[in-house]
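# Secondary and tertiary structure notes
The primary structure of each chain is shown beneath.
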Amino acid sequence: MTAALDIDDISVDLGGRRVVDHASLAVNSGEFIGLVGPNGGGKTTLIRAALGLVRPAVGQAFLAGDPVRALSTDQRARRVGYLAQERIIGWNLPAWRLAALGAPLQPPAVARAHALEALHRVGASHLAERGVLDLSGGERAKILLARLLATRAPLLVADEPVAGLDPAAQFDTLECLRDHAKAGGAVLATLHDLTLAARFCERVAVMAGGRLIAIGSPESVLTPTNLKAAFALSGEIQSTRHGPIVAAARFRGA
Amino acid sequence: MKLSLGLAALLLASAAIAVALGETTFSGPQYAAAFADPRSAAGEILWQIRAPRIAASALVGAALGLSGAVMQGLLRNPLADPGVLGVSAVSALGAATAIALGLAVTPGVVETAALLGALAAGAVVVALAARLESPQTLILFGVALSAMGGAGTALVFNLSPSPVATADVLSWLMGSVANRDWGDVGAALGPMLAGAGLCAVSGRGLRMLTLGAESAALSGLSMARLRMAAVAGAALLTGAAVAMSGVIGFVGLAAPHLVRRSVDDDPAALLLPASLAGAVLLVLADLAARMIPTAEPLKLGVMTALVGAPVFALIAWRASRSWRG
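Residues numbered from 1 in each chain as written. Chains lettered and ligands numbered in written order. Predicted model: local features only at pLDDT ≥ 70, side-chain atom pairs only at ≥ 80, totals over all residues. Heavy atoms only, no water.

## Regarding the overall build of chain B
From N to C terminus, chain B includes 13 helices and zero strands. Reading the secondary structure of chain B in the N-to-C direction produces α-α-α-α-α-α-α-α-α-α-α-α-α. For a compact globule of 325 residues, the expected C-alpha radius of gyration is about 20 Å, and chain B comes in at 20 Å, within 12% of that figure. With respect to the three principal axes, the spread of C-alpha positions in chain B is 65 × 50 × 35 Å. Burial status across chain B gives 52% buried among its 325 residues. Here the contacts in chain B between residues at least 6 apart in sequence split such that 78% fall between residues at least 24 apart. When the accessible surface of chain B is totalled, it reaches about 13,800 Å², and 71% of it is carbon and sulfur. Where the 18 positive side-chain charges of chain B centre and where its 15 negative ones centre are 11 Å apart. (Helix = DSSP H or I, 4+ residues; strand = E, 2+ residues; numbered from the N terminus. Rg over C-alpha atoms; globule rule 2.2 N^0.38 Å. Buried < 20%, exposed > 50% of the residue type's maximum accessible area, 1.4 Å probe, protein only. Contact = heavy atoms within 4.5 Å. Areas by Shrake-Rupley, 256 points an atom, 1.4 Å probe, with all protein chains shown as cover. Lys, Arg positive; Asp, Glu negative; His and termini not counted. Charge placed at Lys NZ, Arg CZ, Asp CG, Glu CD.)

## Section: the packing of helix H8 (residues 182–208) of chain B against helix H10 (residues 223–245) of chain B
Residues and elements named next belong to chain B. Packing of H8 against H10 leaves a shortest axis separation of 8 Å and a crossing angle of 155°. Taken together, the axis directions place H8 and H10 in an arrangement best described as roughly antiparallel. The element H8 and its partner H10 pack so that their crossing is left-handed. Among the residues forming the contact of H8 with H10, the class breakdown is 19 nonpolar, four polar and one charged. (Axes fitted to C-alpha atoms, helices over the stretch in contact; angles between N-to-C directions. Parallel < 35°, antiparallel > 145°, perpendicular 65-115°, else oblique. Left-handed = near helix turned anticlockwise from the far one by under 90°. Nonpolar A, V, L, I, M, F, W, Y, C, P; charged D, E, K, R; others polar.)

## Focus on the packing of helix H4 (residues 87–100) of chain B against helix H7 (residues 163–173) of chain B
Residues and elements named next belong to chain B. Where H4 meets H7, the axes come as close as 9 Å, and the angle between the chain directions of the two elements is 150°. On the basis of the axis angle, H4 is roughly antiparallel to H7. The handedness of the crossing between H4 and H7 is right-handed. For the pair H4 and H7, the contacting residues are Ala92, Ala95, Ala96, Ile99 and Ala100 in the first and Ala165, Asp168, Val169, Trp172 and Leu173 in the second. Of the residues contributing to the contact of H4 with H7, the split by class is nine nonpolar, no polar and one charged.

## A short note on helix H6 (residues 167–182) of chain A
Residue and element names in this part refer to chain A. Between its first and last C-alpha atoms H6 spans 22 Å; for 16 residues at 1.5 Å apiece the expected length is 22 Å, and the two agree. Turning to H6, its buried residues number three or more, namely Ala169, Gln170, Thr173, Leu174, Cys176, Leu177, His180 and Ala181. Each buried residue of H6 lies within a common arc of 145° when the element is viewed along its axis, so the set occupies one face. More than 90 degrees from the buried face of H6, the exposed residues found are Pro167 and Lys182. Those residues of H6 hidden inside the fold are in contact with strand E3 (32–36), helix H4 (108–121), helix H5 (137–150), strand E7 (155–159), strand E8 (186–190) and helix H7 (194–200). For H6, the capping residue at the N-terminal end is Asp166, with a side-chain oxygen 2.9 Å from the backbone nitrogen of Ala168. (Expected span 1.5 Å × (residues − 1). Arc of directions from axis to C-beta. Polar contact = N/O pair within 3.5 Å; in protein donor to acceptor, adjacent residues only side chain to side chain.)

## Overview of the interface of chain A and chain B
One frequent convention defines the size of an interface as the accessible area lost when the parts assemble. Each side of the interface is counted separately: chain A has 25 residues, and chain B has 28 residues. For the salt bridge of Glu214 of chain B with Arg48 of chain A, the shortest nitrogen-to-oxygen distance reads 2.2 Å. Across the contact surface, chain A and chain B share seven residue pairs in polar contact (both at pLDDT 80 or more). Listing elements by their share of the side of chain A that touches chain B, those giving two or more residues are helix H2 (73–79), strand E6 (80–83), helix H3 (95–100) and H5 of chain A. By residue number, the principal contributor to the side of chain A that touches chain B is H2 of chain A, which donates four residues. Of the residues belonging to the side of chain A that touches chain B, the class tally is 16 nonpolar, three polar and six charged. (Salt bridge = Lys/Arg side-chain N within 4 Å of Asp/Glu carboxyl O.)

## Some details on unusual backbone geometry
Positive phi outside glycine occurs at Arg152 of chain A, with the angle close to 50°. Inspection of the secondary structure assignment puts Arg152 of chain A in the loop between H5 and E7. Look at Phe250 of chain B: it is not a glycine, yet its phi comes out positive at around 75°. Along the chain, Phe250 of chain B turns up in the loop between H10 and helix H11 (251–260). A relative accessible area of 27% places Phe250 of chain B in the partly exposed class.

## Details of the pairing of strand E2 (residues 17–27) of chain A
All names here are of chain A. Alignment of strand E1 (residues 5–14) against E2, held across seven bridges, turns out to be antiparallel. Bridging across to E2, Asp13 finds its partner in Arg18. Taking the residues that link successive antiparallel strands as the turn, the E1-E2 hairpin has two residues, and the phi of Gly15 there is positive, at about 55°. (Pairing = 2+ DSSP bridges.)

## Regarding the pattern of salt bridges
Following the criterion strictly, the structure yields 15 salt bridges over all chains and no others. The residue Asp266 of chain B makes a salt bridge to Arg97 of chain A at a minimum N-O spacing of 3.0 Å. With one member in each of two chains, Asp266 of chain B in the loop between H11 and helix H12 (271–291) and Arg97 of chain A in helix H3 form a pair that bridges those chains. Note on Asp266 of chain B: relative accessible area 0%, which makes it buried. Asp286 of chain B serves as the salt-bridge partner of Arg53 of chain B, at 2.8 Å between the closest nitrogen and oxygen. Of this pair, Arg53 of chain B sits in helix H3 (residues 41–75) while Asp286 of chain B sits in helix H12; the two residues are 233 residues apart in sequence, bridging distant segments of the chain. With respect to burial, Arg53 of chain B and Asp286 of chain B carry one shared label: buried. Here the residues in one salt-bridge network are Arg97 of chain A together with Arg207 and Asp266 of chain B, joined through shared partners.

## What about the side chain of Ser176 of chain B?
Residues and elements named next belong to chain B. Looking at the element boundaries, Ser176 is found in the loop between H7 and H8. There is a polar contact of 2.9 Å between the side chain of Ser176 and the backbone nitrogen of Ala178. For Ser176, the residues in contact, after removing those within four places along its chain, are Met244, Ser245, Lys299 and Leu300.

## Examining the packing of aromatic side chains
Residue and element names in this part refer to chain A. This model, assessed by the stated rule, comprises three aromatic pairs over all chains. Summarising the aromatic geometry, the rings of Phe171 and Phe200 are spaced 5.6 Å apart at their centres and angled 70° between planes, so their arrangement reads as edge-to-face. Remark: Phe200 occurs in helix H7 and Phe171 occurs in helix H6; sequence separation between them is 29 residues. Residue class for Phe171 comes out partly exposed when judged on its relative accessible area of 31%. Its relative accessible area of 3% is what places Phe200 among the buried residues. Over the ring of Trp96 we find Arg112, and its NZ or CZ is 4.4 Å from the ring centre. The positively charged end of Lys228 is found above the aromatic ring belonging to Phe251, 5.6 Å away from the centroid. (Phe/Tyr/Trp six-rings, centres within 6.5 Å; stacked < 30°, edge-to-face > 60°. Lys NZ or Arg CZ within 6 Å of the ring centre and 35° of its normal.)

Spelled out as structure tokens, the structure:
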């Protein structure tokens, strides 16, 4: 089966420094992969290279089997939706219109229908007519998530989709993404909350120092060894009656 | 759409008032004669002197309003205006050079020089726009180009042999649509329509740019194509406007802000109302410039700056809430 996204041995140099170092990762349909790792570890750059936004020094990425840099912008937009880490909103558009920016290749009426449906899925139908810049940070995040869903692309890539959200909103957001994967789509999201990664992701990829140091099920990847290597923290995954949690602490004397 | 229809009606009403009023006042029968016989004395004044001047101010206002809206959308900067890319400054340099060289006696030469200046500056900016991804860099190049145009114009002043030529250049730079005839209006139509077409096809892309260039690109927008079309469109509009009227400030900056809230901040829906608002503004400003009795005729560019600056400060105050990023 062709992977929705196949990152094949990508290295990226930025400002004369190797930021991503021979990273390979496949995201398959039906799968939600969490990309975790310390700040500055290369997660965002890896994603940007995978989507053709930066040119890798080595390697390439394939979207549904085709090299991403060989796709036209239209073709790429049909295969992947992207939620950038930097939440730029230039103008105070009504929420529905912002969400409809996810479907710009559709006729206006269809784009609007997709937007309203996506707003409904993220529980923000009541905000449809409000100006996005008049909304709270959490509400804005919902609208941007709706824009991502409104792309109806098979692959959704979200860079820190739950940053700054309260616990319930974090669950809401990740449930939306998981539902997309369960419905046959593919999801790649960077996450900082390891417990959420353990709860929601089929597989977790740990990235540090530009390298993917481990990829696999949460239990097999969020190990004391990997947590130490990635974050220099002492920690482990534990099961509780609420689901797995990842507990971490500083090493004594560190 | 309702907004645009309203603005169009307002434009027609303003234009009708501007044709009817002027330094020479007419009686009822004289107005009737002007309609019955365009060749009558009143008809000549109304249709051959006032009407083309008003058409010129409406076209210039529309061009500046549209080009301002496009620049603000492209650069995602509410303070952008048609002059931000340096096109007006270089266009003015072209006109100033032609006047200082004594070419103004031949009709159309100054206008052509202004348009050529605008096209040269526009070509440079379009070439840059194809390569430069960051709006900030594009603005910086525009600032540099403006400075070069300004320096060139200063040099023209500096080297100008006669104070008469200097006064002519200065007078032209202040901006005016006085003495424009139907030929001038016709000559500006071509580049303005081409520019408006390029701006119109950029609308969808400008809306997508709300979420930044990367999101827009990943939603299927060819950014290089958008930047080139938008910049070329704005340059054509600005160049044609400067060629017709000299440099007129504030309309391109203020017109989009007057209507922005009414279209829910949408950069695509803004284009038509912004051009209509610009046209209304300039027709009214020119009417005011004609009607206010002064020893020397008031220049349109001076009028727009005098009225525009405080009005713009007010709009900025009220609209600041929609600028938060």
